[in-house]
Amino acid sequence: DQEIVQMIGTDDRVMTSFAPSLEECVRASIFTQQQALRHLGNKLRQKRFFGGPKKTATEEARETLATTILAHVPVENFNFKAKAMYLALMIRRVIQAENDPSSVDDRDYYGNKR
């Protein structure tokens, strides 16, 4: 939990906004990566392929995280460090935008293209 909070930000507002997410993990008794993968795997719908070996819920969750979630961020040998950093940056920006709406910049606005 400490490493996750440090990646997102140690500012008081950021930690206060992110605290309910950590509390939810404690209520669900998820403390390890294996427990988290098992929990996610149980939430996924099993893909129905005939003839192939059946994957466990943990393997299915790991593969879905590697190939489907944030698919543009590469994962090699199931090392999710780059995805974790990208997700932490996204979470930090959402929390900052929630606390200070003036920090939001519309990149698609034509005036910002010049």
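Each remark here, short or long, concerns the structure printed above.
Residues numbered from 1 in each chain as written. Predicted model: local features only at pLDDT ≥ 70, side-chain atom pairs only at ≥ 80, totals over all residues. Heavy atoms only, no water.

Undergrad: Got a minute to help me understand the packing of helix H3 (residues 33-43) against helix H4 (residues 57-67) in this structure?
TA: Packed helix pairs are specified by the crossing angle of their axes together with the interaxial distance, meaning the distance between the axes. H4 packs onto H3 with a crossing angle of 90 degrees between their chain directions and a minimal axis gap of 7 Å. With respect to each other, H3 and H4 are oriented roughly perpendicular. Only Ala57, Thr58, Ala61, Arg62 and Leu65 of H4 make contact with H3, whose side of the interface consists of Gln34, Leu37, Arg38, Leu40, Gly41 and Asn42. Counted by class, the contact of H3 with H4 contains five nonpolar, four polar and two charged residues. (Axes fitted to C-alpha atoms, helices over the stretch in contact; angles between N-to-C directions. Helix = DSSP H or I, 4+ residues; strand = E, 2+ residues; numbered from the N terminus. Parallel < 35°, antiparallel > 145°, perpendicular 65-115°, else oblique. Contact = heavy atoms within 4.5 Å. Nonpolar A, V, L, I, M, F, W, Y, C, P; charged D, E, K, R; others polar.)

Undergrad: Could you clarify how one ought to interpret the nonpolar core in this entry?
TA: Note on soluble globular proteins: their nonpolar side chains tend to be buried together. If you look at the biggest cluster of nonpolar residues, it comprises seven residues: Val5, Ile8, Val14, Phe18, Leu22, Ala88 and Ile95. Elements with a minimum of two residues in this core: helix H1 (2-8), helix H2 (12-27) and helix H5 (81-99). Broken down by element, the residue count for this core peaks at three residues, all from H2. Those residues in contact with Ile95 that sit more than four places away from it in its chain are Arg13, Val14, Ser17 and Phe18. (Core = buried A, V, L, I, M, F, W, Y, C linked by side-chain atoms within 4.5 Å. Buried < 20%, exposed > 50% of the residue type's maximum accessible area, 1.4 Å probe, protein only.)

Undergrad: Explanation requested: the pattern of salt bridges in the structure shown.
TA: A side chain of one charge can pair with a side chain of the opposite charge if their charged atoms are brought near each other. One pass over the structure, following the stated rule, counts two salt bridges. Note that Lys55 is salt-bridged to Glu63, the shortest N-O span being 2.3 Å. Residue Lys55 is classed as partly exposed on the basis of its relative accessible area of 33%. (Salt bridge = Lys/Arg side-chain N within 4 Å of Asp/Glu carboxyl O.)

Geometric values such as these leave the question of function open.
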